[in-house]
Amino acid sequence: MSTINRQWILKQRPSGFVDQDTFEYRESDCPQPNIDAGEVLIKTLYLSFDPAMRGWMDDKPSYLPPVGIGEPMRASGVGQVIASGHPGFPKGSLITGLLSWQEYILLDSTSAEQLHILPEGTEPSMALSAFGGTSMTAYFGLLDVGQPKAGDTVLVSGAAGATGSVVCQIAKLKGCKVIGIAGAADKCAWLKTECGVDETIDYSNEDVAAKLAELAPLGINVFFDNVGGSILEAGIEHMAEHSSIVLCGSISAYNDTEHSPGPSNLMLLIARRIRMQGFIMLDYLSRIDEFNAEFGSWFMEGKIKTQEDIQEGFDNIPTTLVRLFTGKNKGKQLLKLAEPQ
């Protein structure tokens, strides 16, 4: 084991788009666990990159406290237990949970209990992609919050992303017509050929509102929104009566330097009795077994397809996050640091 712990820390709070200058490389001594006190030392193997990370950098109230200036950036990841005084986390086991941008992470016994041990044989990347937080977000957000019924028309924005693409496929499994909005022709093609989406809208080349009028003449029953802004406004305009909008994210506004105005047509929620609800995946952690059972069956039967975009190398951590906000990634954005030993 190295005596040096490499880290990327939050150097400054970003204004607008996050870039490499938001972070600073730092080296420190590798932490030494107190085994008698039940501490656990984790070596980071894979990191996940998610849109929510942008919000964690802002100094404002949210469902998690902001990352502090000078602290390693927070991220979901997979690691391996290098040393342990906790009976639930034996040396050598692979874990997943909220980690950070550093090679070695020292956790006390209480903090370690927030981690989850990977079932034997699970590929580390799969734990963060197909069976990670984005798929859980898709599963619970659509089925618990959206509550689609067979025959419903389901609209998904950010449909080619790690969460959106899984939403599309679950909606198809539930017997729905699915319309996916994405930002490039190749992404729209992938949604149709690989994910079975009925119709797609390329927002970079097509008028979203006009296409929705054409593709959903009777209105949208469930709208799973990852984007916000003008896309959300166009979706509201075409919702059916007694429909539902699932607010998962607002990636169109994450890097705004000023607050963007909200949709101008919110009165339609009243006129059409539309239910609009936000949620976060952390509310469903107690139901991981339920997700693993049903979603796992779908995945093993080939009914769910996912994409992984895996970058490599500790030096590339900040630039990999930037990929997420510039549309360069295809599928779940990950970075590999090391193989399990």
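Anything mentioned here points back to the structure above.
Bear in mind the structure is a predicted one, so any value in this text is a computation, not a measurement.

(A) Spatial organisation of the pattern of salt bridges. Enumeration according to the criterion identifies 16 salt bridges in this entry. We note a salt bridge from Asp50 to Lys332, for which the minimum N-O separation is 2.3 Å. Separated by 282 residues along the polypeptide, Asp50 in the loop between β3 (40-48) and α1 (52-56) and Lys332 in strand β15 (residues 332-336) bring together distant segments of the chain. Under the relative-accessibility criterion, Asp50 is labelled buried at 15%. Linking Glu241 and Arg273 is a salt bridge whose minimum nitrogen-to-oxygen distance equals 3.5 Å. Within this pair, whereas Glu241 is found in strand β12 (residues 239-247), its partner Arg273 is found in the loop between α9 (267-271) and β13 (275-278), the two being separated by 32 residues in sequence. Where salt bridges share partners, they join Arg54, Asp58 and Lys60 into one cluster.

(B) Summary view of the nonpolar core. Core analysis: the biggest nonpolar cluster contains 37 residues, and Leu142, Val154, Val156, Ile170, Leu191, Phe224 and Phe295 have the highest contact counts within it. Listing elements by their share of this core, those giving two or more residues are α4 (133-146), β8 (153-157), α5 (162-173), β9 (177-182), α6 (185-193), β11 (220-225) and α10 (288-300). The element best represented in this core is α4, accounting for six residues. If sequence neighbours within four positions are ignored, Ile170 has contacts with Ala138, Tyr139, Leu142, Leu143, Phe295, Trp298 and Ile304.

(C) Structural context of the environment of Thr326. Checked against the element boundaries, Thr326 lands in the loop between α11 (317-325) and β15. Accessibility expressed as a relative area gives 44% for Thr326, which makes it partly exposed. Taking the C-alpha atoms as reference points, Thr326 and Phe17, separated by 309 residues in sequence, lie 9.4 Å from one another. Among the polar contacts listed, one links the side chain of Thr326 to the backbone oxygen of Val322, at a separation of 3.1 Å.

(D) Structural detail: the side chain of Thr96. With respect to the element layout, Thr96 can be found in strand β5 (residues 94-100). Judged by relative accessible area, Thr96 falls into the buried class, the value being 18%. For Thr96, the side chain forms a polar contact with the main-chain oxygen of Gly77, separated by 3.0 Å. Filtering out sequence-adjacent residues up to four positions away, Thr96 remains in contact with Gly77, Val78, Leu115, His116, Leu118 and Leu128.

(E) Inspection of unusual backbone geometry at higher detail. One non-glycine residue, Gln147, lies in the positive phi region at around 50 degrees. In this fold, Gln147 is placed in the loop between α4 and β8. On the accessibility criterion, Gln147 (49% relative accessible area) is partly exposed. Even without being glycine, His242 reaches a positive phi, approximately 60 degrees. Structurally, the position occupied by His242 is in strand β12.

(F) Representation of the environment of Pro66. The topology assignment puts Pro66 in the loop between α1 and β4 (74-84). For Pro66, a relative accessible area of 27% corresponds to the partly exposed category. Each C-alpha atom, one on Pro66 and one on Met53, is 9.7 Å from the other, the two residues being 13 residues apart in sequence. Among all residues touching Pro66, those that are not within four sequence positions of it are Arg13, Trp56, Asp58, Asp59, Lys60 and Arg74.

(G) Summary view of helix α7 (residues 208-215). Within α7, burial applies to Val208, Lys211, Leu212 and Leu215. Around the axis of α7, the buried residues are gathered within 105 degrees of arc, so they sit on the same side. Its side-chain oxygen 3.1 Å from the backbone nitrogen of Ala209, Asp207 forms the N-cap of α7.

Reading the values: the criteria
- Residues numbered from 1 in each chain as written.
- Predicted model: local features only at pLDDT ≥ 70, side-chain atom pairs only at ≥ 80, totals over all residues.
- Heavy atoms only, no water.
- Salt bridge = Lys/Arg side-chain N within 4 Å of Asp/Glu carboxyl O.
- Helix = DSSP H or I, 4+ residues; strand = E, 2+ residues; numbered from the N terminus.
- Buried < 20%, exposed > 50% of the residue type's maximum accessible area, 1.4 Å probe, protein only.
- Core = buried A, V, L, I, M, F, W, Y, C linked by side-chain atoms within 4.5 Å.
- Contact = heavy atoms within 4.5 Å.
- Polar contact = N/O pair within 3.5 Å; in protein donor to acceptor, adjacent residues only side chain to side chain.
- Arc of directions from axis to C-beta.

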